[in-house]
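Structural description and commentary
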Amino acid sequence: MSEHERIHEQAERDADDLKRRNEELEEHIKETRQDWESKKSDESVPGAVAGDEEPSEEPPPEADITPGD
């Protein structure tokens with residue numbers, strides 16, 4: 001087998017591996033999205049249920065770091 005053929009076969013294996021990993025990642029993203037959508041409607045999941053409040057324009061209290069405190 002020539003060096004060119006060996007490099008070509010390795011590139012094909014790498015491409016096949018990337019394709020397989022991409023498909024696995026797409027499936028993982030799909031499952032995660034479905035899980036998140038189901039949690040957003042479950043009030044027992046902290047932080048998942050969107051509140052009726054408008055987002056505040058103010059920074060959160062923990063962002064107030066005054067020198068010398």
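Above this text is the structure in question.
Here is a short report on the structure shown in this document. Bear in mind the structure is a predicted one, so any value in this text is a computation, not a measurement.

Topic: the overall build of the protein
Helices and strands together make up the secondary structure of the protein, namely one helix and zero strands. A total of 69 residues make up the protein; the buried ones form 1% of that total. Carbon and sulfur atoms make up 51% of the accessible area of the protein, which totals about 6,800 Å².

Quick word on a negative patch on the surface
On the surface, Glu5, Glu9, Glu12 and Asp16 cluster together into a patch of negative charge. Position of Asp16 among the secondary structure elements: in helix H1 (residues 3-40). We classify Asp16 as exposed; its relative accessible area is 54%.

A short note on the pattern of salt bridges
Evaluation of the coordinates by the stated rule reveals six salt bridges. Glu3 is paired through a salt bridge with Arg6; the nearest N and O atoms lie 2.5 Å apart. With Glu3 and Arg6 both in helix H1 and three residues apart, this pair spans about one turn of that helix. In this structure Arg6 comes out as partly exposed when scored by relative accessible area, which is 41%. We note a salt bridge from Asp17 to Arg20, for which the minimum N-O separation is 2.5 Å. Of this pair, Asp17 and Arg20 are both found in helix H1, three residues apart, which corresponds to roughly one turn of the helix. Given a relative accessible area of 28%, Asp17 falls into the partly exposed group. Among the charged side chains, a network of salt bridges with common partners joins Asp17, Arg20, Arg21 and Glu24.

Reading guide: rules and limits
Residues numbered from 1 in each chain as written. Predicted model: local features only at pLDDT ≥ 70, side-chain atom pairs only at ≥ 80, totals over all residues. Heavy atoms only, no water. Helix = DSSP H or I, 4+ residues; strand = E, 2+ residues; numbered from the N terminus. Buried < 20%, exposed > 50% of the residue type's maximum accessible area, 1.4 Å probe, protein only. Areas by Shrake-Rupley, 256 points an atom, 1.4 Å probe, with all protein chains shown as cover. Patch = residues over 30% accessible without salt bridge, like charges linked within 9 Å, V, L, I, M, F, W, Y side chains within 5 Å. Salt bridge = Lys/Arg side-chain N within 4 Å of Asp/Glu carboxyl O. Lys, Arg positive; Asp, Glu negative; His and termini not counted. Charge placed at Lys NZ, Arg CZ, Asp CG, Glu CD.

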